[in-house]
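Now for the letters of each chain:
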There are 2 protein chains.
Amino acid sequence: LAEKKTFVELGIPTCQFFPVDCVNDLYHAAESLAFPFVLKTRRLGYDGKGQIILREFFELESAWEKLNWQPCIAENWIDFEFEVSQIAARDHQGNIVYYPLVYNIHHEGILRESHAPYNNLALMQAARDYIKILMEKFNYIGVLTVEFFVKNGKLIANEMAPRVHNSGHWTIEGAVISQFENHMRAVAGLPLGDTQASSNSVMINLIGHHPDLNELIKLPNVHCHLYGKSPAKGRKLGHLTVVNADLEALNKTVKKLRQLIGSPVLFEPNF
Amino acid sequence: LAEKKTFVELGIPTCQFFPVDCVNDLYHAAESLAFPFVLKTRRLGYDGKGQIILREFFELESAWEKLNWQPCIAENWIDFEFEVSQIAARDHQGNIVYYPLVYNIHHEGILRESHAPYNNLALMQAARDYIKILMEKFNYIGVLTVEFFVKNGKLIANEMAPRVHNSGHWTIEGAVISQFENHMRAVAGLPLGDTQASSNSVMINLIGHHPDLNELIKLPNVHCHLYGKSPAKGRKLGHLTVVNADLEALNKTVKKLRQLIGSPVLFEPNF
């Protein structure tokens, strides 16, 4: 709620939303937003956890019960075309460096793939303007990520993450200086590094189970990162980054990797 | 001594050498090799430590005394033009992947810079042939490095290192898959990765004292690695890697970095 109010206060387009602290608020939100709309807890939600899509009046009270009657936020459903994220770093002197826009593909509320750079000059400029306003508002130091829905060529701020972000993991191999190094540089008072993409990259999350590494890393330009976690449904266990200046070859490798890991993603971003 | 004997046994060109186990051996070596020649301990020598250049007969016995009368090896002095290193990885199935040749610049016995890739087809082929023979001889699994002097367009094997090597640190940012990852892949029974250089790289060692990081990492495409060691004369405390497809811009950055760290290196490799 605080996040969405901040977007509004700073003139950053976001969804319509209403606070939900009691049953009356919930019915009020449903009348104002129309169905379907989304009910979300205000804290600790991630990867689609802590949110329920509501389609009819009779579901309202049971949905809120499922969220343990926590303070919630009701948001209108946005039928967005795709999602992008903007990652930037700001240092103690107020200098800001911006990574290229990233095109993100989700499935069941979980980030599956990030494609970078997503070159769209108008969206890029808007995303940089918005993240700059946010960073300056908070005198922010370090890496900040803002996720935007894209609809009719416009950005709609969805949420922000005050940290390095899954959609920026490709920067380890695919940008001159990674989001991790720039975060540390910012925090340590060192000069920020070059955020340019050195090539085209696709990051693919490894979710739920560990795939056969042997097959994956046989493919060209594939970098594998495992987080040392035990498998669980929907858990991010690691990620792959494929780097290739040749987009056609890159997408070919991505398709093979999807098959090998059993990815639900079936399409390429059209760029 | 075992290393040099192995080179000879396998038909790999190396220097002339004699074992030194007593004073008589030392005089015999001096008569056979002519001055100047090099007296080296057989174990634990590195960065020019454990070796003495001998120029006259009267120095022989005091030099050996300085080396605590350890078993030594006497080698003829080779007035080489430059040094290259070949790094390769071999897996459990006997597959070998070869990194590009690296052009190395030493000062006072310590590696100062590595420039990669050093593209010389004839030397490359010879280096690959030699390292392959060595790896197969030992049924070697992991990363092996062989250093060669270059003189009159020929390779002369100087020494080998059964491990990842300082002259391969550029592969972290400058090759598709680094020497470290390929070492681990080999040891873990995973398929070896692409050893191609993705651009041009120069690795510069940080020796003796910590430079002002602020100034170094302001320069474009500079990656800094510090090893967390306390400063000491001649100690390798870290390294910088500069990656740039544009060789002229790369060398410009390298020159600035040399000034900033007080490097004794004054020339560019002529390639």
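Each remark here, short or long, concerns the structure printed above.
Below: a short report on this structure. The residue numbering used here restarts from 1 in each chain and proceeds along that chain's sequence as written. Just so you know, chain letters begin at A and ligand numbers begin at 1, following the order they were written in. Local features are withheld for residues below a pLDDT of 70 in this predicted model, meaning they are given only at 70 or higher, and side-chain atom pairs are given and counted only at 80 or more; totals for whole chains, interfaces and linings count all residues. The basis for the side-chain values is all heavy atoms of the structure; hydrogens and waters are excluded.

1. Points about the interface of chain A and chain B
Inclusion rule: The criterion used for residue contact is that any of the two residues' heavy atoms lie within 4.5 Å. When two components associate, each loses some accessible surface as probed by a 1.4 Å sphere; the sum of these losses over both components is called the buried area. Throughout this description, the term salt bridge denotes a Lys or Arg side-chain nitrogen within 4 Å of a carboxyl oxygen of Asp or Glu. Distance and chemistry together define a polar contact, namely a pair of N or O atoms within 3.5 Å, with one atom able to donate a hydrogen and the other to accept it when in protein, and with adjacent residues in sequence counting only for side-chain atoms on both sides. A run of H or I in DSSP becomes a helix once it reaches four residues, and a run of E becomes a strand once it reaches two; helices and strands are each numbered from the N terminus.
Of the residues lining the interface, 14 residues belong to chain A; the matching set on chain B comes to 14 residues. Each partner contributes to the roughly 1,200 Å² buried at the junction of chain A and chain B, and carbon and sulfur atoms together form 58% of this total. Where chain A touches chain B, the interface holds 0 salt bridges. Between the two partners, chain A and chain B, sit 4 residue pairs in polar contact (both at pLDDT 80 or more). Elements with a minimum of two residues in the side of chain A that touches chain B: α7 (213–216) and β12 (222–226) of chain A.

2. Section: the relation of the copies chain A and chain B
What counts, and what does not: Fitting of the copies onto one another was done by least squares over C-alpha atoms, counting residues only where both copies have pLDDT of at least 70.
Laying chain A over chain B is done by rotating through 180° and shifting 0.0 Å along the axis; what remains is an RMSD of 0.0 Å. Taken together, the rotation and translation relating the two chain copies correspond to the operation of a two-fold axis. Nearest to the rotation axis, the C-alpha of E173(A) is located 3.9 Å from it, this being the minimum over chain A.

3. Re helix α2 (residues 23–33) of chain B
Residues and elements named next belong to chain B. To keep it simple, the criterion reads: Three labels apply to residues, based on accessible area from a 1.4 Å probe with only protein chains included: buried if under 20% of the type maximum, exposed if over 50%, partly exposed otherwise in between. Note that the arc is computed from the directions linking the helix axis to the C-beta atoms.
Inspection of α2 places L26, A29, A30 and L33 among the buried residues, and these make up the whole buried set. Buried residues of α2 fall within an arc of 100° about the axis and therefore sit on the same side. More than 90 degrees from the buried face of α2, the exposed residues found are N24 and E31. Positive phi appears at A34, one or two residues downstream of α2, with a value of about 70°.

4. Brief notes about helix α4 (residues 121–137) of chain A
Residue and element names in this part refer to chain A. We apply this condition: Every helix has an expected span of 1.5 Å times one less than the residues it contains.
Taking 1.5 Å per residue, 17 residues should reach 24 Å; α4 reaches 24 Å between its end C-alpha atoms and fits that length. Among the structural elements, α1 (2–9), β5 (82–90), β6 (96–98), β9 (142–151) and β10 (154–161) are those in contact with the buried residues of α4. Its side-chain oxygen at 3.2 Å from the backbone nitrogen of A122, N120 defines the N-terminal cap of α4. Downstream of α4 by one or two residues, N139 has phi in the positive range, about 45°.

5. Some details on the side chain of R185(A)
Within the secondary structure, R185(A) sits in helix α6 (residues 179–187). From its side chain, R185(A) meets the backbone oxygen of I217(B) in a polar contact 3.3 Å long. The contact partners of R185(A), leaving out residues within four places of it in the chain, are I177(A), L190(A), P191(A), L192(A), G193(A), I217(B) and V222(B).

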